[in-house]
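Structural description and commentary
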Amino acid sequence: MSDTDRIDWRNREHWKGGVVVVTGASSGIGRETALAFARQGCLVLVAARREDRLRELVERCREWSPDSSHLAGDLGRRDFAEQLIEVAVRRYGRLDVLVNNAATPCHESIYEIDVDTAERVMRVNFFSCLWTTFAAMPHMLRLGGGHVVNVSSFASRLVPPYETLYAASKCAMNGFTEGLWNDLAGSGIHASLVLPGPFETEIWGKLQRPSRYAGRRHPPSLVVDCIFECIEKRLHERVVPRRDPMLTLARWVRLLAPGLARKGAARMDPFDPEALEAARARALSSLPGGPESS
Ligand SMILES: NC(=O)c1ccc[n+]([C@@H]2O[C@H](COP(=O)([O-])OP(=O)(O)OC[C@H]3O[C@@H](n4cnc5c(N)ncnc54)[C@H](OP(=O)(O)O)[C@@H]3O)[C@@H](O)[C@H]2O)c1
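For every chain, the first residue of its written sequence is number 1, and the numbers climb from 1 along that sequence. Reporting of local features is limited, given that this is a predicted model, to residues whose pLDDT is at least 70; pairs of side-chain atoms are given and counted only at 80 or more, and all residues count toward the totals for whole chains, interfaces and linings. No hydrogens and no water enter the side-chain calculation; it runs on all heavy atoms of the structure.

**A closer look at helix α5 (residues 164-183)**
- Every helix listed is a DSSP run of H or I at least four residues long, and every strand listed is a run of E at least two residues long, numbered separately from the N terminus. One less than the number of residues in a helix, times 1.5 Å, gives the span that helix is expected to have. End to end, α5 covers 28 Å across 20 residues, agreeing with the expected 28 Å (1.5 Å per residue, within 8%).
- Where α5 is concerned, the buried positions are L165, Y166, A167, S169, K170, M173, N174, F176, T177 and L180.
- Whether two residues are in contact is decided by their heavy atoms, any of which lying within 4.5 Å being enough. The inward-facing, buried residues of α5 abut β4 (97-100), α4 (115-143), β5 (146-151) and β6 (189-196). Only protein chains enter the area calculation, which uses a 1.4 Å probe; residues under 20% of their type maximum are buried, those over 50% are exposed, and those in between are partly exposed.

**Here's the deal with the nonpolar core**
- The set of buried Ala, Val, Leu, Ile, Met, Phe, Trp, Tyr and Cys residues whose side-chain atoms join them within 4.5 Å is what this entry labels a nonpolar core. Of all hydrophobic cores here, the largest spans 35 residues; its most connected members are F37, V46 and I227.
- Taken together, the elements giving at least two residues each to this core come down to β1 (19-23), α1 (28-39), β2 (43-48), α2 (51-61), β4, β5 and α6 (221-232).
- Examining the composition of this core, we find that 7 residues originate from one element, α6, more than from any other.
- In this structure, F37 is in contact with W15, V20, C42, V44, V97, V99, I227, F228 and I231, ignoring residues within four places of it in sequence.
- Core analysis: the next-biggest nonpolar cluster, separate from the first, contains 32 residues, V19, A47, L84 and V148 among them.

**Here's the deal with the sheet that holds β2**
- Two strands are counted as paired when DSSP detects at least two bridges linking them. In spatial order, the strands read β3-β2-β1-β4-β5-β6-β7; together these 7 strands make up an open sheet with parallel pairing. The strands lining the two open edges of the sheet, one partner per strand, are β3 (69-72) and β7 (237-240). Adjacent strand axes in the sheet meet at a mean angle of 15°, parallel and antiparallel pairs treated alike.
- The sheet contact formed by β2 and β3 spans 4 bridges and is parallel. Looking at β3, one finds that A48 is bridged to A72. Under this scheme, a helix contributes an axis fitted over its contacting stretch, all axes are lines through C-alpha atoms, and angles between N-to-C directions fall in the 0 to 180 degree range.

**Structural notes on α1**
- A rise of 1.5 Å per residue sets the reference length of α1, with its 12 residues, at 16 Å; its end C-alpha atoms lie 17 Å apart and thus fit the reference within 8%.
- Burial analysis of α1 places 9 of its 12 residues in the buried class, which makes it a mostly covered element.
- Those residues of α1 that sit buried are I29, G30, R31, T33, A34, L35, A36, F37 and A38.
- The secondary structure elements touched by the buried residues of α1 are β1, β2, α2, β4 and α6.

**A closer look at the pattern of salt bridges**
- A pair is scored as a salt bridge if a Lys or Arg side-chain nitrogen falls within 4 Å of a carboxyl oxygen belonging to Asp or Glu. Within the structure shown, the criterion is met by 21 salt bridges.
- With its nearest N and O atoms 2.8 Å apart, the salt bridge here joins R31 to E56. Of this pair, R31 sits in helix α1 while E56 sits in helix α2, and the two are 25 residues apart along the sequence.
- Judged by its relative accessible area of 39%, E56 is partly exposed.
- In the salt-bridge network here, residues are joined through shared partners; they are R50, R53, E202 and K206.

**Quick notes on the packing of helix α7 (residues 245-256) against helix α8 (residues 258-268)**
- For the pair α7 and α8, the least separation of the axes is 5 Å and the interaxial angle reads 130°. When the axis of α7 is compared with that of α8, the two are oblique. Mapping the contact onto sequence places V253, R254, L255 and L256 in α7 and P258, L260 and A261 in α8.
- Throughout, the ten residues Ala, Val, Leu, Ile, Met, Phe, Trp, Tyr, Cys and Pro are labelled nonpolar, Asp, Glu, Lys and Arg are labelled charged, and all others, Gly among them, are labelled polar. Tallied by class, residues from the contact of α7 with α8 come to 6 nonpolar, no polar and 1 charged. In this scheme, roughly parallel covers angles under 35 degrees and roughly antiparallel covers those over 145, while 65 to 115 is roughly perpendicular and the rest are oblique.

**A few points about the packing of α1 against α6**
- In the contact formed by α1 and α6, the axes pass within 9 Å of each other and the chain directions differ by 55°. Comparing the axis directions of α1 and α6 gives the class oblique. Once α1 is placed against α6, the crossing between them reads as right-handed. Taking contact as the criterion, the partners of I29, E32, T33, A36 and F37 in α1 are, on α6, V223, V224, I227, F228 and I231.
- For the contact of α1 with α6, the per-class residue count stands at 8 nonpolar, 1 polar and 1 charged. Crossings are classed by handedness, with left-handed meaning an anticlockwise turn of the near helix from the far one by less than a right angle and right-handed meaning a clockwise turn.

**Re the site of the ligand**
- Residue proximity to a molecule or strand is established when one non-hydrogen atom of the residue lies within 4 Å of it. Lining the immediate surroundings of the ligand are 31 residues, of which R49, N101, Y166, T201 and K206 lie closest.
- In the environment of the ligand, an oxygen atom lies 2.8 Å from a nitrogen or oxygen atom belonging to the side chain of K170.
- A 1.4 Å probe and the Shrake-Rupley method give the accessible areas. Residues count as covered only by the protein chains that appear here. Contact with the protein chains hides 97% of the accessible area of the ligand, taken as 870 Å² for the molecule alone.
- Counting residues per element, the ones that place at least two in the shell around the ligand are α1, α4 and α5.
- Here the shell around the ligand is composed, by residue class, of 14 nonpolar, 10 polar and 7 charged. Within 3.5 Å is the distance limit for a polar contact, defined as a pair of N or O atoms, with the added protein rule that one can donate a hydrogen and the other accept it, and that residues adjacent in sequence qualify only through two side-chain atoms.

**As for the layout of surface pockets**
- Whether a set of points on the 1 Å grid over the protein atoms alone is a cavity depends on a 1.4 Å probe fitting there but being unable to get out, while an open set qualifies as a pocket with protein on both sides within 12 Å along at least five of seven lines; lining residues are those with an atom within 4 Å of a point. Grid points are joined across faces, edges and corners, and a volume is the space filled by probe spheres set on the points. Counted as a void, the second largest pocket has a volume near 280 Å³.
- Element by element, the count of residues in the lining of the second largest pocket is highest for α8, at 5 residues.
- A class-by-class count of the residues in the lining of the second largest pocket yields 11 nonpolar, 2 polar and 4 charged.

Printed below as a string of C-alpha cells:
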C-alpha cells in the first residue's frame, strides 16, 4: 500500500493496509476497537498511559496485522496528542482513521471537584480529541480523505447526577464533531459521533463515588460494531445500543418534557443535603468576611 493509495472504506472487507489510530486502547472499548481493526488487516497504532497493557494488546493485534504498534503517554498533554499523529504518519506513511476514545470518568459532587480536576477532565476527554484532529487533518487532506470517529457518551444527552464535568467534556466533543460535519464538507474527511449508553468496562471501577446505576451494561463489541458502521455508511451520529428502550425513552422525555427528565435523572442518585451544608460551611470559613478572616 503506497502512502496515497485509496482504500474503499465502504466495505470492511477492503480495509487491509489502512492506518488506524485508537486512543484509550489499554482497556474496554478502545481495546476491542483496536483488535477489531487489526482483524481487518489494518495497521493499528494504539495509545494510552499503561504501557504494559498496550504491549500485550499489540502482541494480539500482530496475529492479524504484524506491523501494529503502540505509543504510551498522557493524552491530557497537547504535545503527546500531536506526537501520536506524527508517529502514525512517520511509521506508516499515512493516516486513514482516527478513533478518539480515551476518557477519564468524573463522577463527583460539584462541591468536591477542584478546578484543576475539572480542567484535567476537559483536557483528556475533549482537548485530546481536538488536538489529534487538528494534527490529523493535513495528513487526511493529503490523502484525499479519512475518518474521525469521536466516542462521546449518552450522558451528554441526559446528564445524570454527579456527571457535570464528564458531560461537559462530552458535550464539547459533540459540538466540535457537529461543527466538523459542516466545515469538512467536500474534503473527503468524515466525522462521526458515537454516543454509548452503559457498557461493561473498567470505567465503572474508576468512579470517585460509586454509581447508583444498576441496570444492564452492554458488551463493548456493540460499540465496535457501531464504529465500523459509522465508517462504512459514513454516518454522522449514532447512539449505541441503537434500539435500547431506556435510552430511546430518555431521549424523547428530554426533548419533550425536560423538567420531567431532570426529575427522573435526579432520582437516580439523590443529592446529599449534608454535602451542601459542608460546602456552605467551608465557603463561610474561607471567603473574605468569613470567621477565619476576622
Ligand atoms: N463504559 C461505558 O459505560 C461508557 C459509556 C459512555 C461512554 N463511554 C466512553 O467510551 C470510551 C471508552 O471508555 P471505556 O468504557 O472503555 O473505559 P476504560 O476501559 O476506562 O477506558 C478508558 C481508556 O482511556 C485511557 N485514558 C484515560 N485517561 C488517559 C490519559 N490521560 N491519557 C491517555 N489515555 C487515557 C485509559 O488508559 P490508561 O489509563 O492506560 O491511560 C483507557 O485505555 C470513553 O470515551 C468513555 O467516556 C463509556
